[in-house]
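Chains, contacts and geometry: an overview
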Amino acid sequence: MTHKELIKRFHDFGVVEWDKQIYIEYLTIMNYMPDADFNNMLNIKDATDAEFMSILDFYYKYDCYLMLYKLLRDNRKERLVNPDVEDIKSMKIREDFEERQKRFFM
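**Some thoughts on the layout of surface pockets**
- The space that makes up the largest pocket amounts to roughly 190 Å³.
- Around the largest pocket, the lining residues are M1, L6, Y23, Y26, L27, T28, M30, N31 and Y32.
- Ranked by the residues each element gives to the lining of the largest pocket, the list is headed by helix 2 (residues 17–32), at 7 residues.
- Residues that form the lining of the largest pocket fall into these classes: 7 nonpolar, 2 polar and no charged.

Now the structure itself:
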């Protein structure tokens, strides 16, 4: 593809900023992402934790925030959220915890 073709496609999105941004992110991924990360991105369920984090790092480094959000959202339960009551038991609770909690949830 040529720059002219890519730019035409960008302008074809009209005033839809979301689509323009995701298009830029796709171009960034296709043009700059290392082959290993690209292949892991296409088969994310089989990627190791290190490979998953490498993809996250790429998205963050190259400002692919929509793709970063999508990856985090889609893999939240499998890779990121592992609630454990031991986290609560091991917490040293601040004296002003309740006051801060009230302010946080206002």
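**Some remarks on unusual backbone geometry**
- Despite not being glycine, D63 has its phi angle at roughly 60 degrees, a positive value.
- Residue placement: D63 occurs in the loop between helix 4 (49–61) and helix 5 (65–74).

**What about the packing of helix 4 against helix 5?**
- Where helix 4 meets helix 5, the axes come as close as 8 Å, and the angle between the chain directions of the two elements is 150 degrees. Compared by their axis directions, helix 4 and helix 5 come out roughly antiparallel. Handedness of the helix 4/helix 5 crossing: left-handed. When helix 4 is examined against helix 5, the residues F52, I55, L56, Y59 and Y60 are found in contact with a partner set consisting of Y65, M67, L68, L71 and L72.

**Considering the side chain of E25**
- Mapping E25 onto the fold places it in helix 2.
- Although E25 is buried, it makes no salt bridge; K70 carries the closest opposite charge, 11 Å away.
- A polar side-chain atom of E25 sits 3.2 Å from the main-chain amide nitrogen of Y65.
- One polar contact links the side chain of E25 to the main-chain amide nitrogen of L66, over a distance of 3.1 Å.
- Once residues lying within four places of it in the same chain are set aside, the contact partners of E25 are D63, C64, Y65, L66 and M67.

Calculation notes
- Residues numbered from 1 in each chain as written.
- Predicted model: local features only at pLDDT ≥ 70, side-chain atom pairs only at ≥ 80, totals over all residues.
- Heavy atoms only, no water.
- 1 Å grid on protein atoms, 1.4 Å probe; cavity = no way out; pocket = protein on both sides within 12 Å on 5 of 7 lines; lining within 4 Å.
- Points joined across faces, edges and corners; volume = space filled by probe spheres on them.
- Helix = DSSP H or I, 4+ residues; strand = E, 2+ residues; numbered from the N terminus.
- Nonpolar A, V, L, I, M, F, W, Y, C, P; charged D, E, K, R; others polar.
- Axes fitted to C-alpha atoms, helices over the stretch in contact; angles between N-to-C directions.
- Parallel < 35°, antiparallel > 145°, perpendicular 65-115°, else oblique.
- Left-handed = near helix turned anticlockwise from the far one by under 90°.
- Contact = heavy atoms within 4.5 Å.
- Buried < 20%, exposed > 50% of the residue type's maximum accessible area, 1.4 Å probe, protein only.
- Lys, Arg positive; Asp, Glu negative; His and termini not counted.
- Salt bridge = Lys/Arg side-chain N within 4 Å of Asp/Glu carboxyl O.
- Polar contact = N/O pair within 3.5 Å; in protein donor to acceptor, adjacent residues only side chain to side chain.

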